[in-house]
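# Survey of secondary and tertiary structure
Chain by chain, the residues:
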Amino acid sequence: QVQLVESGGAVVQAGGSLRLSCVITNSVRVFRSSDMGWYRQAPGKMRELVANATLAGELNYSDSAKGRFTISRDNARNMVVLEMNNLKPEDTAVYYCNAHQVVSGINYWGHGTQVTVSS
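Numbering of residues starts from 1 in every chain and runs along the sequence as written. This being a predicted model, a pLDDT of at least 70 is required before a residue's local features are given, and a value of 80 or more before pairs of side-chain atoms are given or counted; all residues contribute to the totals for chains, interfaces and linings. Side-chain metrics rest on all non-hydrogen atoms present in the structure, leaving aside hydrogens and water.

A word on the packing of aromatic side chains. Here is the rule: rings of Phe, Tyr and Trp (six-membered ring for Trp) pair when centre to centre is within 6.5 Å. Planes less than 30 degrees apart are stacked, more than 60 are edge-to-face, and the remainder are tilted. Here the structure, examined in full by the defined rule, presents one aromatic pair. Seen in terms of ring centroids, Tyr39 and Trp109 are 5.0 Å apart; in terms of plane orientation they differ by 65°. Their pairing is edge-to-face. Of this pair, Tyr39 sits in strand E4 (residues 34-41) while Trp109 sits in strand E10 (residues 107-109); the two residues are 70 residues apart in sequence, bridging distant segments of the chain. Note on classification: 1.4 Å probe, protein chains only; a residue is buried when its accessible area is under 20% of the maximum for its type, exposed when over 50%, partly exposed between these limits. A relative accessible area of 35% places Trp109 in the partly exposed class. For a Lys NZ or an Arg CZ to count as sitting over a ring, it must be within 6 Å of the ring centre and within 35 degrees of the ring normal. A cation over an aromatic ring shows up here: Arg47 above the ring of Tyr96, its NZ or CZ 4.2 Å from the ring centre. We count a stretch as a helix when DSSP gives it H or I for four or more residues in a row; a strand needs E for two or more, and each element gets its number in order from the N terminus.

When their charged atoms lie close together, side chains carrying opposite charge are able to pair. The term salt bridge refers to a pairing of a side-chain nitrogen on Lys or Arg with a carboxyl oxygen on Asp or Glu at a separation within 4 Å. Under the counting rule described, the total for this entry stands at five salt bridges. Arg40 serves as the salt-bridge partner of Asp91, at 2.9 Å between the closest nitrogen and oxygen. With Asp91 in the loop between strand E8 (79-84) and strand E9 (93-101) and Arg40 in strand E4, the pair connects residues that are 51 residues apart, well separated along the chain. The same class applies to Asp91 and to Arg40, which are both buried. When the shortest N-O distance is used, the salt bridge between Arg77 and Asp74 registers 2.7 Å. Through salt bridges with shared partners, a single ionic network connects Arg40, Glu48, Arg68 and Asp91.

Taken in spatial order, the four strands line up as E1-E3-E8-E7 in an open sheet, and their pairing is antiparallel. Only two strands of the sheet have a single neighbouring strand rather than two, namely strand E1 (3-7) and strand E7 (69-74). The average undirected angle you get between the axes of adjacent strands in this sheet is 15°. Strand pairing is assigned whenever DSSP detects at least two bridges linking the two strands. With five bridges joining them, E1 and strand E3 (residues 18-25) adopt antiparallel strand pairing. Across the sheet, Glu6 pairs through a bridge with Cys22, a residue of E3. To obtain an axis, a line is fitted to C-alpha atoms, over the contacting stretch when the element is a helix, and the angle between two such axes runs from 0 to 180 degrees between their N-to-C directions.

Set out below in structure tokens:
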């Protein structure tokens, strides 16, 4: 019954900002035992890691995300947030929330939210 629900995707102009949220509904157990991350997949490209926040408190970013995006965990709300600033057209993609359960190695995925950055 693990469900990851993303929200916040939208059409935004280049240079703008967007805030993506991912909530694990009715899955506190999974959230508290998982590294949380955001991936994205642009048309014709492979899915790639954008950022993740581990249970150990580590924050990791792709090179393109560094300095522009911020990932955070809201443990009280079983939520992971990706704040994206200075968006570029190349950020256009479907963004997927991921929960990587550390002990089991199981990955849980959301259905994705579309981010479109216009020039």
